[in-house]
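Here are the chains, one letter per residue:
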Amino acid sequence: YKRQVVVLDRNGAVKAMAGGINYEKSQFNRATQALRQPGSAFKTFVYLTALEEGWDTDDEIDDYPITIGNWKPENYSKKYYGTVTLEEAFVRSLNLATVNLAQKLPSGNIIRTARKMGISTPIDDTPAMVLGSSAVKVLDMAVDDCYLRSNPSDNVLRELKKAHQFETNRRK
């Protein structure tokens, strides 16, 4: 069996970490060295970038099918929700709205936001990156997840923006 666990406090500091179950058999630390696709967790960086670019949580984006080259992303539900607010798209984790939004943002800025939030691994600058196609370290995504879980609010995106500003100021 291969296991990894990362425990963070409310501020994102590592409190405990285990990167495997038997150091004698394998010194590979799965928490700090293993790469996994973050999937929808990466959408956080798209929405934070939109907020930084001047979008508001009440602004609307289309949740309609889109084709980019040979790529045709879909929502998990296979349904389309029409025009939705950024907040609704984020809360429902709508793939198509996220891709449509990302097409209106500089991809380099999305990558920069991911870096500011702690992603240290290379990120492929492709349309699919916004749905978490680039593999990242488990520890990197744990820090991002910590902000989501420690800032409950009716307006998730506003709390994300506050967390992002806090993190940016903390790293200065």
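Structure first, text after, so check above.
The present account deals with the structure reproduced in this document. (Residues numbered from 1 in each chain as written. Predicted model: local features only at pLDDT ≥ 70, side-chain atom pairs only at ≥ 80, totals over all residues. Heavy atoms only, no water.)

The subject of this paragraph is the overall build of the chain. A tally of regular secondary structure across the chain gives 6 helices and 6 strands. Across the 172 residues in the chain, those meeting the buried criterion constitute 41%. With the model as given, the accessible surface of the chain reaches about 9700 Å², and the carbon-plus-sulfur share is 48%. (Helix = DSSP H or I, 4+ residues; strand = E, 2+ residues; numbered from the N terminus. Buried < 20%, exposed > 50% of the residue type's maximum accessible area, 1.4 Å probe, protein only. Areas by Shrake-Rupley, 256 points an atom, 1.4 Å probe, with all protein chains shown as cover.)

Moving on, we come to the pattern of salt bridges. Applying the stated criterion to the full structure yields 3 salt bridges. For glutamate 74, the salt bridge goes to lysine 78, with nearest N and O atoms at 2.8 Å. For glutamate 74, a relative accessible area of 40% puts it in the partly exposed group. A salt bridge links glutamate 88 to arginine 92; the shortest N-O distance between them is 3.2 Å. Note that glutamate 88 and arginine 92 are positioned in helix α2 (residues 86-92) at a spacing of 4 residues, about one turn of the helix. For glutamate 88, a relative accessible area of 29% gives the class partly exposed. Classification of arginine 92 by relative accessible area gives partly exposed; the value is 41%. (Salt bridge = Lys/Arg side-chain N within 4 Å of Asp/Glu carboxyl O.)

Another point: the packing of aromatic side chains. All chains considered together, the criterion is met by 2 aromatic pairs. Pairing phenylalanine 42 with phenylalanine 45 gives two aromatic rings, centres 4.9 Å apart and planes at 80°, and the pair type is edge-to-face. Phenylalanine 42 gets classed as buried once you look at its relative accessible area, which sits at 1%. The class for phenylalanine 45 is buried, based on a relative accessible area of 0%. (Phe/Tyr/Trp six-rings, centres within 6.5 Å; stacked < 30°, edge-to-face > 60°.)

Orientation of helix α1 (residues 43-52) relative to helix α3 (residues 95-102), taken along the N-to-C sense of each, is 45°, at an axis distance of 10 Å. Our classification of the angle between α1 and α3 gives oblique. Crossing geometry of α1 relative to α3 is assigned as left-handed. Here Lys43, Val46, Tyr47 and Ala50 of α1 come into contact with α3, specifically with Asn95, Ala97, Thr98, Leu101 and Ala102. (Axes fitted to C-alpha atoms, helices over the stretch in contact; angles between N-to-C directions. Parallel < 35°, antiparallel > 145°, perpendicular 65-115°, else oblique. Left-handed = near helix turned anticlockwise from the far one by under 90°. Contact = heavy atoms within 4.5 Å.)

What follows deals with the packing of α1 against helix α4 (residues 107-116). Two numbers describe how α1 lies on α4: the axes approach to 9 Å, and their chain directions differ by 110°. Classified by the angle between their axes, α1 and α4 sit roughly perpendicular to one another. Every residue of α4 that contacts α1 at Phe45, Val46, Leu48, Thr49 and Glu52 is listed here: Asn109, Ile110, Thr113, Ala114 and Lys116. Among the residues forming the contact of α1 with α4, the class breakdown is 5 nonpolar, 3 polar and 2 charged. (Nonpolar A, V, L, I, M, F, W, Y, C, P; charged D, E, K, R; others polar.)

On to the nonpolar core, then. Counting 30 residues, the largest nonpolar core has Phe45, Val46, Tyr47, Leu101, Ile110 and Val130 as the members making the most contacts within it. Of all the secondary structure elements, the ones that give two or more residues to this core are α1, α2, α3 and α4. (Core = buried A, V, L, I, M, F, W, Y, C linked by side-chain atoms within 4.5 Å.)

Another aspect to go through is the environment of isoleucine 111. With respect to the element layout, isoleucine 111 can be found in helix α4. Overall, the relative accessible area of 15% leaves isoleucine 111 in the buried class. In sequence terms isoleucine 111 and proline 122 are 11 residues apart; their C-alpha atoms lie 9.4 Å from each other.

Moving on: the environment of serine 134. Positionally, serine 134 belongs in the loop between α4 and β6 (136-137). Serine 134 sits in the buried class, given a relative accessible area of 4%. Not counting the four nearest positions on each side in its chain, serine 134 is found in contact with Arg36, Gln37, Pro38, Pro122, Ile123, Asp124 and Met129. One polar contact links the side chain of serine 134 to the main-chain amide nitrogen of aspartate 124, over a distance of 2.9 Å. (Polar contact = N/O pair within 3.5 Å; in protein donor to acceptor, adjacent residues only side chain to side chain.)

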